[in-house]
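A look at the structure
One letter stands for each residue in the lines below.
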Amino acid sequence: METGTARKGIFLTFEGSEGCGKSTQIRILAESLCRDGEEPLLLREPGGTSSGEAIRHLLQHAPEGEALTPEAELLLFAASRAQLVREVIRPTLEAGRTVISDRFLDSTTVYQGVARKIPPEVVARINAFAVGVCVPDMTFLLDLDRATALARLGRRNQNPDRIERESEEFFEAVRRGYLELAAREKRRIRVLDASRPPGEIAEQIRGFLGEAKLIGR
Ligand code: Z5A
């Protein structure tokens, strides 16, 4: 059983459906932190370690991943995260550096739990086992309707991966699942209207940072 670590850095995560603008906001936030003299570590899930990147390939594009069951998929996302937490996130936070991750355990709660319909108590247990005490200080949920997300992605997504080929019902469940999760976890999760211009969203995120730093202490 893991006990608390001497965390000094702030741990921020970004969540939302594909195309909601996570990468865009992470880039803007990182640039603004760098201007303030901070050097945040940027991660994306699944991935971020060499084993995690291999798992990412299996989950998204490898032909061997096509027949993965929901249960196997859940365990693979959790395995990638368990490695990332111990190899990268915890040591970085302990060194006092800010960590920003594009997706983390909430993606599993929503995609594998709500959308793939794996019982929530099973997902919660596996998530807890994978991350231990390493829970984000603050999570930004970029909420966007599917039609707008698809219009944004249309310009780039000629080769959709295994999950991007899911049904419209699946993505409706993802959006609903995120909003329900945010309503349950109001202290940690901030919901942002991702249909607004990028600069406006970025300003709201900056506004929440002071609070995240207090929570992280
Ligand atoms: N997954 C899972 O099932 N379980 C898990 O536990 C985890 C993940 C961790 C990872 O996908 C997949 O794995 C994901 C969930 C699943 N699958 N799906 N679907 P990924 O890493 O390949 O990609 P993604 O996380 O879904 O994100 P993305 O497609 O890269 O999108 P994004 O980063 O959120 O958006 P973006 O690249 O910043 O923006 C998209 C476009 O919109 C781009 O052209 C921007 O210039 C534009 N944009 C951004 N913001 C705006 C605003 N505000 N206005 C107008 N246009 C904008």
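Scroll up to find the structure.
A brief report on the enclosed structure follows. In this text the structure is predicted, and so the values were computed from the model without any measurement.

On to the site of the ligand. Of all residues adjacent to the ligand, which total 27 residues, the nearest are Lys-22, Ser-23, Thr-24, Arg-103 and Thr-108. Thr-24 places a side-chain nitrogen or oxygen 2.5 Å from an oxygen atom of the ligand. Expressed as a share of its isolated accessible area of 1100 Å², the protein-covered part of the ligand is 85%. Sorting the residues of the shell around the ligand by element identifies α1 (22-35), α2 (50-60), α3 (70-94), α4 (105-115) and α8 (198-216) as the ones contributing at least two each. Counting residues per element, the shell around the ligand draws most heavily on α4, at four residues.

Turning our eyes to something else, we now look at the pattern of salt bridges. Scanning the entire structure with this criterion turns up 18 salt bridges. Residues Lys-22 and Asp-102 are paired through a salt bridge, measuring 2.9 Å at the closest nitrogen-oxygen approach. Of this pair, Lys-22 sits in helix α1 while Asp-102 sits in strand β3 (residues 99-102); the two residues are 80 residues apart in sequence, bridging distant segments of the chain. Like Asp-102, Lys-22 is buried. Where Arg-27 meets Glu-31, a salt bridge forms, and the shortest distance between an N and an O atom there is 3.8 Å.

In terms of nonpolar packing, the biggest core is built from 19 residues, with Leu-12, Phe-14, Leu-29, Ile-100, Phe-140, Leu-142 and Ile-205 touching the most fellow members. For this core, the secondary structure elements donating two or more residues are β1 (11-15), α1, β4 (138-143) and α8. In this structure, Phe-77, Val-110, Tyr-178 and Ile-189 belong to the second largest nonpolar core, which totals 17 residues.

A separate point is unusual backbone geometry. Look at the link from Glu-45 to Pro-46: it is a cis peptide, with omega at -10°. When you line up the elements, Pro-46 lands in the loop between β2 (41-44) and α2. Phi at Arg-103 takes a positive value of approximately 80°, unusual for a residue other than glycine. With respect to the secondary-structure elements, Arg-103 resides in the loop between β3 and α4. One non-glycine residue, Lys-117, lies in positive phi territory at about 65°. Counting through the fold element by element, Lys-117 comes out in the loop between α4 and α5 (120-131).

The next subject is the pairing of β1. Counting buried positions over the five residues of β1 gives five, a clear majority of the element. Side chains Phe-11, Thr-13 and Glu-15 project from β1 onto one buried face, and the interleaved Leu-12 and Phe-14 project onto a second face that is buried too. Pairing of β1 with β3 involves four bridges; the strand directions are parallel. The residue bridging Thr-13 from the neighbouring strand is Ser-101, located in β3. In this sheet, β4 lies alongside β1 in parallel orientation, the contact comprising four bridges. Within β4, the residue paired with Leu-12 across the bridge is Met-138.

Attention now moves to the packing of aromatic side chains. Tallied over the entire structure, the rule returns six aromatic pairs. With a centroid separation of 5.2 Å and 80° between ring planes, the pair formed by Phe-170 and Phe-171 is classed as edge-to-face. Aromatic rings pair up to connect Tyr-111, Phe-170, Phe-171 and Tyr-178 into one cluster. When the ring centre of Phe-104 is taken as reference, the NZ or CZ atom of Arg-81 above it lies at 5.5 Å.

Procedures and definitions
Residues numbered from 1 in each chain as written. Predicted model: local features only at pLDDT ≥ 70, side-chain atom pairs only at ≥ 80, totals over all residues. Heavy atoms only, no water. Near = heavy atom within 4 Å. Polar contact = N/O pair within 3.5 Å; in protein donor to acceptor, adjacent residues only side chain to side chain. Areas by Shrake-Rupley, 256 points an atom, 1.4 Å probe, with all protein chains shown as cover. Helix = DSSP H or I, 4+ residues; strand = E, 2+ residues; numbered from the N terminus. Salt bridge = Lys/Arg side-chain N within 4 Å of Asp/Glu carboxyl O. Buried < 20%, exposed > 50% of the residue type's maximum accessible area, 1.4 Å probe, protein only. Core = buried A, V, L, I, M, F, W, Y, C linked by side-chain atoms within 4.5 Å. Pairing = 2+ DSSP bridges. Phe/Tyr/Trp six-rings, centres within 6.5 Å; stacked < 30°, edge-to-face > 60°. Lys NZ or Arg CZ within 6 Å of the ring centre and 35° of its normal.

As far as function goes, none of this settles anything; it's purely spatial.
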